[in-house]
Amino acid sequence: MAAGIAAGLAVRRLEPVLIDRIAAGEVIERPAAAIKELVENAVDAGARTIEVVVEAGGKRLIRVTDDGCGMSAIDLDLAVERHATSKLPEGDLFDIRSLGFRGEALPSIGAVAHLSILTRNGTDPNGWAIVVDGGRKESVRPAPAGRGTRIEVTDLFSATPARLKFLKSDRAEAQAAVEAVKRLALAHPQVRFTVAGDHLSTVDLPAEGDDEAALLRRLARILGAEFAPNAVPIDAEREGVAVTGFAGLPTYHRGTSTHIHATVNGRPVRDKQILGAVRAAYMDFLPSDRHPALMLRIACDPRLVDVNVHPAKSEVRFRDPGLVRGLIVGALKQALAGAGHRATTTGGLRTLAALRPQSIPEAMSPPMQGAPQPDLHIHTGQPFPSSVFGGRARPAPATFDNWQAPTGFADSPQTAFHAFAPPAADARASETTAVAEAVEQPLGAARAQVHENYIISQTRDGIVIVDQHAAHERLVYERLKRERAASGIARQLVLIPEIVELDPSEADRLLAHGDTLAALGLVVEGFGAGAVAVQEVPAALVGGDIRALVRDVADTLTEWGDARALDERLDHVLATMACHGSVRSGRRLRPDEMNALLREMEATPFSGQCNHGRPTYVELKLSDIERLFGRS
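These numbers come from a predicted model, not from an experiment.

Scoring rules and cut-offs
- Residues numbered from 1 in each chain as written.
- Predicted model: local features only at pLDDT ≥ 70, side-chain atom pairs only at ≥ 80, totals over all residues.
- Heavy atoms only, no water.
- Pairing = 2+ DSSP bridges.
- Helix = DSSP H or I, 4+ residues; strand = E, 2+ residues; numbered from the N terminus.
- Axes fitted to C-alpha atoms, helices over the stretch in contact; angles between N-to-C directions.
- Contact = heavy atoms within 4.5 Å.
- Polar contact = N/O pair within 3.5 Å; in protein donor to acceptor, adjacent residues only side chain to side chain.
- Core = buried A, V, L, I, M, F, W, Y, C linked by side-chain atoms within 4.5 Å.
- Buried < 20%, exposed > 50% of the residue type's maximum accessible area, 1.4 Å probe, protein only.
- 1 Å grid on protein atoms, 1.4 Å probe; cavity = no way out; pocket = protein on both sides within 12 Å on 5 of 7 lines; lining within 4 Å.
- Points joined across faces, edges and corners; volume = space filled by probe spheres on them.
- Nonpolar A, V, L, I, M, F, W, Y, C, P; charged D, E, K, R; others polar.
- Left-handed = near helix turned anticlockwise from the far one by under 90°.
- Salt bridge = Lys/Arg side-chain N within 4 Å of Asp/Glu carboxyl O.

(A) Spotlight on the sheet that holds strand E22 (residues 491–501). In space, the three strands of this open sheet follow the order E22-E24-E23, with antiparallel pairing throughout. Each end of this open sheet is capped by a strand with a single partner; those strands are E22 and strand E23 (523–526). Strand-to-strand twist in this sheet, taken as the mean axis angle between neighbours without regard to direction, amounts to 20°. In the sheet, E23 pairs with strand E24 (residues 531–538) via four bridges, with the strands oriented antiparallel. Of the residues in E24, the one forming a bridge with valine 524 is valine 534. The strands touched by helix H14 (residues 504–512) within the sheet are E23 and E24, with E24 carrying the most contacts at an inclination of about 40°.

Below is the structure:
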């Protein structure tokens, strides 16, 4: 190898332009990355309005205009040089208080594109301009300009055309640019951001302010108007690290993790550690293929976090990652627990949309001859006016003879409770004081049970439909978890020890972790080569498949190297037990049982969603119901 280098592969110093192009490949991998760097510089300059224009997805043109502090001629000349920055006044890489600090963005962009900058600060009588084309810098010249900076990047990657082959379509690149700006807009709601250009809809995010209400308004503009009424505030602090923001309710979930946003000292990040903490906090509420929507703002002393671990500054490294993870998990769980029984409002909106007829005449037309009849009773004491049917006569009452009243709504004794003689309570709307008081509760007073699975309750300003099985399943699960946390994991002896045959190395690994497993309720002893005898199991797992449990624990110990598997397995088994131990669909409930279920839901955190992330109830406001019937 040494001879080959000496013969024809001698070491040589690279040209400055080539060095810049290599560096640009790390920092500017696509147009969205260039826009991110330029917008970060504008934010650091104190801009209150930032305008972004793109053409051809940013390949033909990127223009970023801001009203920040601008630059002098000397600063402008240095700004396009490698590793020149105004953001490290003391040269301390562990005290970074700005977004851009590496001094790479402008020279990297200028190395692979045509870069022009026009700027003016608040003291100079005129502005200054400079051009960098493919790494070749021209001299600074005076130019007319207003206060602030305008940067134009044209023909991106013209100096490295091979990189163009790896870019996506113009539309995809434009959307990536919009997402980059939106992430920065969430981090800085006090700044107005606009994005315009071809292949995208114009984005205009007005300045909102600096407080929590301003952040929620900015979140509603970016994540959707439905986010605000379905979010809970986050506010926690520990050992100099603070976490604030807003978290969506578990029932307000999404199909991808793109709605999980986080900032560290004002810097948007996509950090695996933070994403892992968010998943851990929501693990008990969401299925594995669903993701929450939230915004976390982490603030700490700059010396407690290293933001210089990734060229694009999208990842960070905390000095104490365990502290940050624990704080995030605890803050999210505390915020969600404070939401109590709340469920997303979108369930009611979807229900109303499903109920809303396409047109009144069509919706109220009589069923076709021979068509299956819906399970609905129409009171026919007074004829409908013919105008309702577009001038046609009202359908003959005989058409509805086979329809039946839903249980609980007739004025006669309710058929929903005919199996109970006499019923323990009467859920009719004419009930007295006790029911009247229950109506004032968040989930109201039970009025009926329909299809032997859904409880209909009346609130002060609407109705609530409760899935009795899903709701009781969550209540039982939360009760089991509380008992487990209060008294520890109870163990029960196995009458006849269960012998489980394993790979010899897996059996040795189980026995090596015997003390840890015993603390989790599983006591195993050696039983010859490649086998263990299960002497005790958690009481909650009695009747379960012990062999499968032991094999799963052994597999996870092989993968993880510790005994966390049983703890997670126990949570899963508790959820399964809750499912089988809860009120089943098809069981008829007495009025007092229904009301007791509603009151327990109101007192139990997380009761707004079942163990699988689905809502346990849907609320319909009276005003929305009246609009369905044209009464508003």
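Past the structure itself, the notes keep going.
(B) Examining the sheet that holds strand E19 (residues 445–450) more closely. The four strands lie next to each other as E19-E20-E21-E25, forming an open sheet whose pairing is antiparallel. Two strands bound the open sheet, and with one partner strand each, they are E19 and strand E25 (617–621). Going from strand to strand, the sheet's axes swing by 20° on average, the running direction of each strand aside. Two elements, E19 and strand E20 (residues 454–459), share five bridges in a ladder whose sense is antiparallel. Looking across to E20, one finds that glutamine 449 is bridged to isoleucine 455. Along the sheet face, helix H13 (residues 468–487) touches E19, E20 and strand E21 (462–467) and points at about 70° away from the line of E21. Sheet strands in contact with helix H18 (residues 591–603) are E19, E20, E21 and E25, and its direction is about 120° off that of E19.

(C) Quick look at the environment of arginine 290. Structurally, arginine 290 is set in the loop between helix H8 (272–282) and strand E15 (291–292). Distance from arginine 290 to tyrosine 252, taken between C-alpha atoms, is 9.8 Å for residues 38 residues apart in sequence. Only 3.0 Å separates the side chain of arginine 290 from the side chain of histidine 253, close enough to count as a polar contact.

(D) Broad picture of the nonpolar core. Grouped together as the largest cluster of nonpolar side chains are 55 residues, with contacts concentrated most on Val39, Ile50, Val52, Ile117 and Val153. When residues of this core are assigned to their parent elements, the largest contribution, seven residues, is made by helix H6 (residues 170–187). If you look at the next biggest cluster of nonpolar residues, it comprises 40 residues, including Leu249, Val278, Val324 and Ala331.

(E) Main features of empty space enclosed by the protein. Applying the stated criterion to the full structure yields two cavities of 30 Å³ or more. As a volume, the largest cavity reaches approximately 40 Å³. Ile260, His261, Ala262, Val269, Arg270, Asp271, Ile274 and Leu275 together form the lining of the largest cavity. Within the residue set of the lining of the largest cavity, elements represented by two or more residues are strand E13 (260–264) and H8. Ranked by residues supplied to the lining of the largest cavity, first place goes to E13 with three residues. Taken together, the residues of the lining of the largest cavity break down into five nonpolar, one polar and two charged.

(F) Spatial organisation of the packing of H8 against helix H9 (residues 321–338). With their axes 9 Å apart at the nearest point, H8 and H9 run at an angle of 35° to one another. Seen along the crossing, H8 lies across H9 with a hand that is right-handed. Every residue of H9 that contacts H8 at Gln273, Ile274, Gly276, Ala277, Val278, Ala280, Ala281 and Tyr282 is listed here: Pro321, Val324, Arg325, Ile328, Val329, Leu332, Lys333 and Leu336. Class assignment of the residues belonging to the contact of H8 with H9 gives a composition of twelve nonpolar, two polar and two charged.

(G) Fine view of the pattern of salt bridges. If you walk through the whole model with that rule in mind, you get 22 salt bridges. Residue arginine 474 is joined to glutamate 478 by a salt bridge in which the shortest nitrogen-to-oxygen separation is 2.7 Å. Of the two residues, arginine 474 and glutamate 478 are both situated in helix H13; the distance of four residues between them amounts to about one turn of the helix. Exposure class is identical for arginine 474 and glutamate 478. Each is buried. Counted as one network, the salt bridges with shared partners bring together Lys36, Glu37 and Glu40.

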